[in-house]
2 protein chains.
Amino acid sequence: MSIELNCPVSFMKHETIQMAHGAGGRLSRELTQKMFLPHLGNSCLDSLDDQARFFLEAGMVAFTTDTFVVSPVFFPGGNIGDLAVNGTVNDLAVGGATPLYLSAGFVLEEGFSLAELERIVKSLADAARTAGVEVVTGDTKVVEKGQCDGIFINTSGIGVIRKGVDISCANLKPGDSVIVSGTLGDHGMAVMTSREGLSFQSDIISDTASLSGLISAILDEVPEVHAMRDPTRGGLAATLNELASASQAGVVLDEASLPVRPDVLGACELLGIDPLNVANEGKVVVVVPAESSKDVLRIMQGNTAVSGKDAAIIGEVVDDHPGMVVIRTLLGSRRILEMPLGEQLPRIC
Amino acid sequence: MSIELNCPVSFMKHETIQMAHGAGGRLSRELTQKMFLPHLGNSCLDSLDDQARFFLEAGMVAFTTDTFVVSPVFFPGGNIGDLAVNGTVNDLAVGGATPLYLSAGFVLEEGFSLAELERIVKSLADAARTAGVEVVTGDTKVVEKGQCDGIFINTSGIGVIRKGVDISCANLKPGDSVIVSGTLGDHGMAVMTSREGLSFQSDIISDTASLSGLISAILDEVPEVHAMRDPTRGGLAATLNELASASQAGVVLDEASLPVRPDVLGACELLGIDPLNVANEGKVVVVVPAESSKDVLRIMQGNTAVSGKDAAIIGEVVDDHPGMVVIRTLLGSRRILEMPLGEQLPRIC
């Protein structure tokens, strides 16, 4: 199929999304050929078949999906485009998989700016290159003005699971160490404080990043990792409660060890939000046998791609209170860290 | 993880979708455990890990994605749930793949009825069983009232491509026959005529169906198929123009042979729409060497699962006018069947 590459948006007939861009006809093709292929093109995508095709060796495959509805679409440190890649790449990586292929499904609102769409597609393409994945298949739908909020992006991803790892949220064992790869709550607070109506003087930026490189480095050296998760929606509290519940093990956190940026803490206090309930988009929680914890911490702290310098061992897995997460507070008391109910931070990813 | 199965919606705390259902906390978990798992559950999905994991033999894999924004959500013959399964299953099947695994990503509007959501999830589950696929991973996002139109569903799918087939939209060869598996335009007209403001006395029902069984039967007997596509958005006109363009071959259709239901034709005439531009969701266009065309037609006409009785050989691939589709009209003249511009039928899938 003849494809006119490198045609900038200004060569398109319109400046905003039209209903016809999603109707499968000539304008749909123009959007694909002038917007998506120049940035994302590869041999699979360029074929414009209804499905991507590629060869996989025999083995365990990981498959995941995530729809991104973040508001606002552009926030300090990123936008919905890179977020959509990093979120799905990270969901593959925490399963011990090497992420390989992504799909991208766009829902666009009639009237959405094509220039903004191009910024988003470019970020998405850059994030994919950084994470070492290819967007091999896609879809675009357009809905009438007022029927969606600008742009939603679904990405689904395929990765190949490393041999010799056995990572699951049900694998926590008493005595394991709980380690986090950096400061907590940055993404959620970056999005919250950039919303209209909140005029914070804040330099908080999102941590949106691919964890694939860091996790690969950890598993190269420490294949005995028991569990791994990226604490996104619901934050560390949701992640640890899920792990504790799935493993029927208890988790005890040491409040003093939890890495939180002072400005994130300040913003959380102003908004009445617990930073442990706030989403991260470039952090991983790793649960490993205690004897491996120092190795994992060293690898994290040495990783500059995801700013691992604030990585910390934050707690341990215990026999007591199975399914429950408990914090030893700065004052020496203990409180239960509950699964967040969840209504505080809508549309953070 | 303990899962309370078979809890009907009436046991949930709310009757409509709340923002917290999408926030990753307790209500998100309730929605997963009481709505999605009882209908869709399987060993992959039940683990509630961030990614599904399964073993694949070495080979060519097909991967596709589609977001469904159909309006209205319920239409004669189906709803967005079965449509989301059939659309993605069909995009795998037309690539010569056996569909195996699906993801499902929901975007829900605050206030959406949980009872309607359950009807949709049940249809989605039934369609998956019929097509022989499992929904192995999922995601749910909730946006504020007014920020999306009820429900959007993305499904992505993975299939394994049969050995010994070479199907591509660039494979048309002069002399090939073009065959369609049944009547054209049923899905699009079923949706259009059920929209508010149009009060047709019509019995038109959508053809939404999995083509996987039919295509498998065709490829068992006729592995030499050159190209296959399901004529969805943009209808037969878009599909054939894409095939002609990708193959740099001409296509000539015989108008008298095109199967269109009289009531679909009538509705199209009233609305000023060419039925060849109207979406189908359970039809396949197959391009094969002429000597195999009778075999394909026989298999189609014998298939009751997708009402193949109206299948027809509708045209041929020619040396002339490469990239162009021409119709021999009932009056004996010739007209070009153009790629539709596309604005006539928004949100049909």
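Rules used throughout
Residues numbered from 1 in each chain as written. Chains lettered and ligands numbered in written order. Predicted model: local features only at pLDDT ≥ 70, side-chain atom pairs only at ≥ 80, totals over all residues. Heavy atoms only, no water. Least-squares fit on C-alpha atoms with pLDDT ≥ 70 in both. Contact = heavy atoms within 4.5 Å. Pairing = 2+ DSSP bridges. Helix = DSSP H or I, 4+ residues; strand = E, 2+ residues; numbered from the N terminus. Axes fitted to C-alpha atoms, helices over the stretch in contact; angles between N-to-C directions. Phe/Tyr/Trp six-rings, centres within 6.5 Å; stacked < 30°, edge-to-face > 60°. Buried < 20%, exposed > 50% of the residue type's maximum accessible area, 1.4 Å probe, protein only. Lys NZ or Arg CZ within 6 Å of the ring centre and 35° of its normal. Buried area = accessible area lost by both parts, 1.4 Å probe. Salt bridge = Lys/Arg side-chain N within 4 Å of Asp/Glu carboxyl O. Expected span 1.5 Å × (residues − 1). Domains from an automatic or database assignment. Polar contact = N/O pair within 3.5 Å; in protein donor to acceptor, adjacent residues only side chain to side chain.

## Some remarks on the relation of the copies chain A and chain B
When chain A is fitted onto chain B, the two copies agree to an RMSD of 0.0 Å after a turn of 180° and an axial shift of 0.0 Å. On the angle and the small slide along the axis, the relation comes out as a two-fold axis. Interface residue correspondence from chain A to chain B reaches 100%, placing this contact among same-surface, isologous pairings.

## Remarks on the sheet that holds strand S1 (residues 52–56) of chain A
In space, the 5 strands of this open sheet follow the order S1(A)-S2(B)-S7(B)-S5(B)-S6(B), with mixed pairing throughout. Two strands lie at the open edges of the sheet, namely S1 of chain A together with strand S6 (134–143) of chain B, each paired on one side alone. For this sheet, the mean angle separating the axes of adjacent strands, direction not counted, is 20°. Where strand S2 (residues 59–68) of chain B lies against strand S7 (residues 151–161) of chain B, 8 bridges are found, and the strand directions are antiparallel. In the strand pairing of S7(B), Phe63(B) is matched with Ile158(B).

## Some remarks on the packing of aromatic side chains
Summed over all chains, the structure comprises 8 aromatic pairs over all chains. Ring centres of Phe36(A) and Phe106(A) lie 4.8 Å apart, and the angle between their planes is 40°; this geometry places the pair in the tilted category. One end of the pair, Phe36(A), is in helix H1 (residues 26–40); the other, Phe106(A), is in strand S5 (residues 97–109), and 70 residues separate them in sequence. Each of the two residues, Phe36(A) as well as Phe106(A), counts as buried. On the basis of an interplanar angle of 20° and a centroid distance of 3.8 Å, the ring pair of Phe54(B) and Tyr101(B) is categorised as stacked. One end of the pair, Phe54(B), is in strand S1 (residues 52–56); the other, Tyr101(B), is in strand S5 (residues 97–109), and 47 residues separate them in sequence. Taken as a pair, Phe54(B) and Tyr101(B) share a single burial class, namely buried. Here the aromatic cluster, defined as three or more aromatic residues joined through ring pairs, consists of Phe54(A), Phe63(A), Tyr101(A), Phe54(B), Phe63(B) and Tyr101(B). Here the guanidinium or amino end of Arg119(A) rests over the ring plane of Phe74(A), the centre of that ring lying 4.0 Å away.

## A look at the interface of chain A and chain B
Contacts between the two partners involve 79 residues from chain A, matched on the other side by 80 residues from chain B. Around 6,500 Å² of area is buried between chain A and chain B when both sides are counted, 56% of it from carbon and sulfur atoms. Considering only the side of chain A, the residues that lose the most area to chain B are Asp50(A), Phe63(A) and Arg233(A), jointly responsible for 12% of the buried surface there. The interface formed by chain A and chain B includes 8 salt bridges.

## Remarks on unusual backbone geometry
Residues and elements named next belong to chain A. Looking along the chain, the bond that leaves Ser 71 and enters Pro 72 is cis, with omega of 0°. Note on placement: Pro 72 falls in the loop between strand S2 (59–68) and strand S3 (74–75). Phi angles above zero are rare outside glycine, and Leu 48 is one such case at about 55°. Considering the arrangement of structural elements, one finds Leu 48 in the loop between helix H2 (43–46) and S1. For Leu 48, a relative accessible area of 22% translates into the label partly exposed. Phi at Ser 307 takes a positive value of approximately 45°, unusual for a residue other than glycine.

## Some words on helix H7 (residues 235–247) of chain A
Residue and element names in this part refer to chain A. Look at H7: 19 Å from first C-alpha to last across 13 residues, which is about the 18 Å you get at 1.5 Å a residue. Here H7 lies mainly inside the structure; 12 of its 13 residues are buried. Of all the positions in H7, only Gly 235, Leu 236, Ala 237, Ala 238, Thr 239, Leu 240, Asn 241, Leu 243, Ala 244, Ser 245, Ala 246 and Ser 247 are classed as buried. Of the residues flanking the end of H7, it is Gln 248, one or two places downstream, whose phi is positive at about 50°.

## Concerning the domain arrangement of chain A
Residues and elements named next belong to chain A. One can read the domain layout of chain A as domain 1 (8–50 + 58–161) and domain 2 (169–336). Measuring from the centre of the C-alpha atoms in domain 1 to the corresponding centre in domain 2 gives 28 Å. If you look at the interface, domain 1 gives 19 residues, while domain 2 gives 21 residues. For the pairing of domain 1 and domain 2, the buried interface totals around 1,500 Å² over both sides, and the portion due to carbon and sulfur atoms is 59%. For the pair domain 1 and domain 2, the number of links is 0 salt bridges. Applying the counting rule to domain 1 against domain 2 returns 8 residue pairs in polar contact (both at pLDDT 80 or more). Among the elements that make up the side of domain 1 that touches domain 2, the one with the highest residue count is helix H3 (residues 80–93) (8 residues).

## Looking at the sheet that holds S2(A)
Spatially, the 5 strands line up as an open sheet ordered S6(A)-S5(A)-S7(A)-S2(A)-S1(B), and their pairing is mixed. The outermost strands of the open sheet, each flanked by one partner alone, are strand S6 (134–143) of chain A together with S1 of chain B. For this sheet, the mean inter-axis angle between neighbouring strands, taken without regard to orientation, is 20°. As paired elements, S2(A) and S1(B) share 5 bridges and run antiparallel to each other. Among the inter-strand pairings, Met60(A) is bridged to a residue of S1(B), identified as Phe55(B).

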